[in-house]
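Survey of secondary and tertiary structure
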Amino acid sequence: MRNIIRQDKNSEIGLLSMLRMSGALAGPAIISNVTVPLLGLSDTYITGHLGAAVYIAAISVGTMMVNALYWLCGFLRMGTSGLTAESFGMRDDDRRRRILTISLLLGLGIGGLLILLSPFLGDLMLHLMTPPAEAAKLGREYFVVSIAGAPAILATMALSGWMVGSQNTLYPMIVAITINIINIAVSFGLVFGLEAGFIGVAYGTLTANWIGFILSLIFASKLLPGRMLSPLRGLTKGLEIGRFFKVNANLFVRSACLMAVSFALTSYCGHLGETSLAVNALLMQFFMFFSYFMDGFAFGGEALCGRYAGERNRYNLVMAVKALGVWSGVVTVSFTIAYLLFTPEIVNMLTDVESVRAALCDIQWVTWILPIVSVAAFMFDGVYVGLTDTFRMMLATMTGAVCFFGLHYLLGAIMHESNQNPVAATSLIWICFMSFLFMRGAVLSLSLRKVLDLNFIDNIKNK
């Protein structure tokens, strides 16, 4: 990591060297991200061994309710990462300090607001998803407990984005691993040791989030000389505050589209019954496992693309994008082969509910296609976040969302005829979801050559 930071500003780096650099940044991010699906696998394992499909469905509903709100606030990580990486390339530590202060205050403030609004938000999300009654009841119990960690997790998102933008993925890795180890240990202890039941999973999440926030603060303080935060007076000096909020506003709209699609996906499957909802939860585990690997390289792309845009080094910027493309190809091929060979074994590990196992194995081809159709969306997200071109990210996600809902409408008649076969209907819903993923990447790929021009980047900053 130190070699990356001390690199000469004007040096040109070849593809092989850039592959090593991006790998060095992505490695810790991948390790930390792998712990996230392991947490999801753990939660699914715990609920999958409580004796009924309703518990798997409930954890799907509860985590969707919480994660939807956090996804909506995803700008706290992405916007902070891109702007910080740019400041790192500009060698402006004061600007980095101001970005950190504003992002941290936003995270804590929004988290507190979510707690205050949680009764209303809980009712609204359950109304939108309309899951089966018992799954809704248990999912709400999970939401009520875990939402108390909102300020901690949103502030940790801001701190994580700031550390990635500061070219350090090691500290976020340590934080993520710590959070997930604590979460898994406390959840297992409460559910199986103290026999707290389903709600023990929520208390495990709450405990881990607050410990992770404290640890993130400690690590962030090590990445800047002198004080960590800026004084409130003059906080926006030299920061182009209008651009700061415009970048994050675009990301907010993008996150709202992601949330709408995710809610609709769960809601559509929920209408088909508990088995379909449980199958959806397991398919989402396959998708998330791939996505967190890809996000690791996207994080490296954010750091390097933002840095070289700040340095105005187009050669290195292009090499960073090419390196990200090579790594993305390797990950996609690896996951496609793994899912082709081992999907039934993974399903059997996740649950012992035979009806859910049989249903998912009937449509396991969905897992085979997922990496191929989604890789471009993850790859280009890393590039565009680093360049702070969040407007195009917003447009791409909106286009994908229109495709998702439009295709679902067009397939409505077929799905209605498939109501007697919920598994077939579930596969059609996931075809709609994969079209959403594919369109995101396709739209962003169309503007790639244009956005890698430094003059174009300057125009983005000045808008």
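Residues numbered from 1 in each chain as written. Predicted model: local features only at pLDDT ≥ 70, side-chain atom pairs only at ≥ 80, totals over all residues. Heavy atoms only, no water.

1. Details of the packing of helix H15 (residues 390-410) against helix H17 (residues 422-446)
Each packed pair of helices is defined by two parameters, the angle between the axes and the distance between the axes. Two numbers describe how H15 lies on H17: the axes approach to 8 Å, and their chain directions differ by 155°. Judged by the inter-axis angle, H15 sits roughly antiparallel to H17. Read as a crossing pair, H15 and H17 show a hand that is right-handed. Contacts between H15 and H17 pair Arg392, Met393, Ala396, Thr397, Thr399, Gly400, Ala401, Cys403, Phe404, Leu407 and His408 from the former with Ile429, Ile431, Cys432, Phe433, Ser435, Phe436, Met439, Arg440, Val443 and Leu444 from the latter. Class assignment for the residues of the contact of H15 with H17 results in 14 nonpolar, five polar and two charged. (Axes fitted to C-alpha atoms, helices over the stretch in contact; angles between N-to-C directions. Helix = DSSP H or I, 4+ residues; strand = E, 2+ residues; numbered from the N terminus. Parallel < 35°, antiparallel > 145°, perpendicular 65-115°, else oblique. Left-handed = near helix turned anticlockwise from the far one by under 90°. Contact = heavy atoms within 4.5 Å. Nonpolar A, V, L, I, M, F, W, Y, C, P; charged D, E, K, R; others polar.)

2. Focus on the environment of Gly109
Positionally, Gly109 belongs in helix H5 (residues 93-129). In sequence terms Gly109 and Ala150 are 41 residues apart; their C-alpha atoms lie 9.7 Å from each other.

3. Here's the deal with empty space enclosed by the protein
Scanning all chains against the criterion turns up two cavities of 30 Å³ or more. In this structure, the second largest cavity encloses a volume near 30 Å³. As for the second largest cavity, its lining consists of Met78, Gly79, Gly82, Leu83, Val247, Leu251, Val385, Thr388 and Thr390. (1 Å grid on protein atoms, 1.4 Å probe; cavity = no way out; pocket = protein on both sides within 12 Å on 5 of 7 lines; lining within 4 Å. Points joined across faces, edges and corners; volume = space filled by probe spheres on them.)

4. Focus: the confidence of the model for the chain
Looking at the chain as a whole, the pLDDT averages 82, with 86% of positions reaching at least 70. Across the chain, element-level confidence peaks in H15 with a mean pLDDT of 93 and bottoms out in helix H1 (residues 2-5) with 39. (pLDDT = per-residue confidence, 0-100.)

5. Section: the packing of aromatic side chains
The geometry of an aromatic ring pair comes down to the distance between the two centres and the angle between the two planes. Scanning the entire structure with this criterion turns up 17 aromatic pairs. With a centroid separation of 5.6 Å and 70° between ring planes, the pair formed by Phe289 and Phe293 is classed as edge-to-face. With Phe289 and Phe293 both in helix H11 (residues 274-311), this residue pair falls four residues apart, about one helical turn. Phe289 sits in the partly exposed class, given a relative accessible area of 26%. A residue is classified by how much of its surface remains accessible, and Phe293, at 22% relative accessible area, is partly exposed. Chaining the aromatic ring pairs together yields one cluster made of Phe286, Phe287, Phe289, Phe290, Phe293, Phe335, Tyr339, Phe378, Trp430, Phe433 and Phe436. (Phe/Tyr/Trp six-rings, centres within 6.5 Å; stacked < 30°, edge-to-face > 60°. Buried < 20%, exposed > 50% of the residue type's maximum accessible area, 1.4 Å probe, protein only.)

6. Structural notes on the pattern of salt bridges
Applying the stated criterion across every chain, the model contains nine salt bridges. The salt bridge partner of Glu302 is Arg77, with a shortest N-O separation of 2.7 Å. One end of the pair, Glu302, is in helix H11; the other, Arg77, is in helix H4 (residues 75-89), with 225 residues separating them in the sequence. No difference in accessibility class separates Glu302 from Arg77, as the two residues are buried. Note that Arg91 is salt-bridged to Glu311, the shortest N-O span being 3.1 Å. Highlighted residues: Arg91 in the loop between H4 and H5 and Glu311 in helix H11, separated in sequence by 220 residues. Salt bridges sharing common partners tie together Arg91, Arg307 and Glu311. (Salt bridge = Lys/Arg side-chain N within 4 Å of Asp/Glu carboxyl O.)

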